[in-house]
Amino acid sequence: MFLSALAACLGVFLIGGIGLALALLVQSLFGLDRVGMFDTGFAGGIATGLQLSAMNFFLFLITVPAAWIALGLSIGRMPHRGIAARRPYLRWAAILGPILVGGTTCFFGMSVAGLATGAGALLSGASGGALSGIGCGFLFYMIVGPDEQLRDVDISVF
């Protein structure tokens, strides 16, 4: 669980950083006005969401335990329930990623610069959270191997 949560936070960090670098590259190539963090408007919200996502790993003392708890209460309980298929793990991780990342970026975007900025931050944060969540769910499934656990019954005493 801890390794999956750490990988999810690292994934959000990398997706946010790469997305921010690509956004700055496109702005520079096409001569667009630079859009910064907490600028008003939808584009400012996208920049805000990408920058907050890029800072995710630096706040690991908060983000890793939050992801750990969320994953532990969702996909961490699935092997005990006898769920062995890969799809539910990926689906729930892909749902939790946008909720955690998109909700946080939307909150900060709306609280500082308004509704349009919050909507842009929600879009970029939820996109990065979904991609990272899918990777995290796949990693958890590969580590735990619930199909192997449910198929392999051990009745030995020692």
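Everything below is about the structure shown above.
(A) Highlighting the packing of aromatic side chains. Following the criterion strictly, the structure yields seven aromatic pairs and no others. Between the aromatic rings of Phe2 and Trp68, the centroid separation amounts to 5.3 Å while the plane-to-plane angle is 65°, which identifies the pairing as edge-to-face. Placement of the pair is Phe2 in helix H1 (residues 2-29) and Trp68 in helix H3 (residues 60-72), with a sequence separation of 66 residues. Ring geometry for Phe107 against Phe108: centres 5.4 Å apart, planes inclined by 70°, an arrangement best described as edge-to-face. Given a relative accessible area of 56%, Phe107 falls into the exposed group. Classification of Phe108 by relative accessible area gives partly exposed; the value is 36%. Three or more aromatic residues joined by ring pairs make a cluster, and in this case those are Phe13, Phe57, Phe58 and Phe60.

(B) Representation of the environment of Arg86. Within the element layout of this structure, Arg86 appears in helix H4 (residues 86-113). Arg86 sits 56 residues away from Met142 along the chain, and the two C-alpha atoms are 9.2 Å apart. Not counting the four nearest positions on each side in its chain, Arg86 is found in contact with Phe138 and Tyr141.

(C) Examining the nonpolar core more closely. One finds Ala5, Leu71, Ile75 and Tyr89 to be the most contacted residues of the largest nonpolar core, which totals 14 residues. The element best represented in this core is H3, accounting for four residues.

(D) Representation of H4. End to end, H4 covers 40 Å across 28 residues, agreeing with the expected 40 Å (1.5 Å per residue, within 8%). Downstream of H4 by one or two residues, Gly114 has phi in the positive range, about 110°.

(E) A look at the layout of surface pockets. Estimates place the volume of the largest pocket at around 510 Å³. In terms of lining residues, the largest pocket is bounded by 26 residues, among which Asn56, Thr63, Leu100, Val101 and Thr104 are the most central. Residue assignment for the lining of the largest pocket shows that the elements contributing at least two residues are H1, helix H2 (42-54), H3, H4 and helix H5 (115-144). Tallying contributions element by element places H4 first for the lining of the largest pocket, with eight residues. When grouped by side-chain class, the residues that make up the lining of the largest pocket number 17 nonpolar, nine polar and no charged.

Calculation rules
Residues numbered from 1 in each chain as written. Predicted model: local features only at pLDDT ≥ 70, side-chain atom pairs only at ≥ 80, totals over all residues. Heavy atoms only, no water. Phe/Tyr/Trp six-rings, centres within 6.5 Å; stacked < 30°, edge-to-face > 60°. Helix = DSSP H or I, 4+ residues; strand = E, 2+ residues; numbered from the N terminus. Buried < 20%, exposed > 50% of the residue type's maximum accessible area, 1.4 Å probe, protein only. Contact = heavy atoms within 4.5 Å. Core = buried A, V, L, I, M, F, W, Y, C linked by side-chain atoms within 4.5 Å. Expected span 1.5 Å × (residues − 1). 1 Å grid on protein atoms, 1.4 Å probe; cavity = no way out; pocket = protein on both sides within 12 Å on 5 of 7 lines; lining within 4 Å. Points joined across faces, edges and corners; volume = space filled by probe spheres on them. Nonpolar A, V, L, I, M, F, W, Y, C, P; charged D, E, K, R; others polar.

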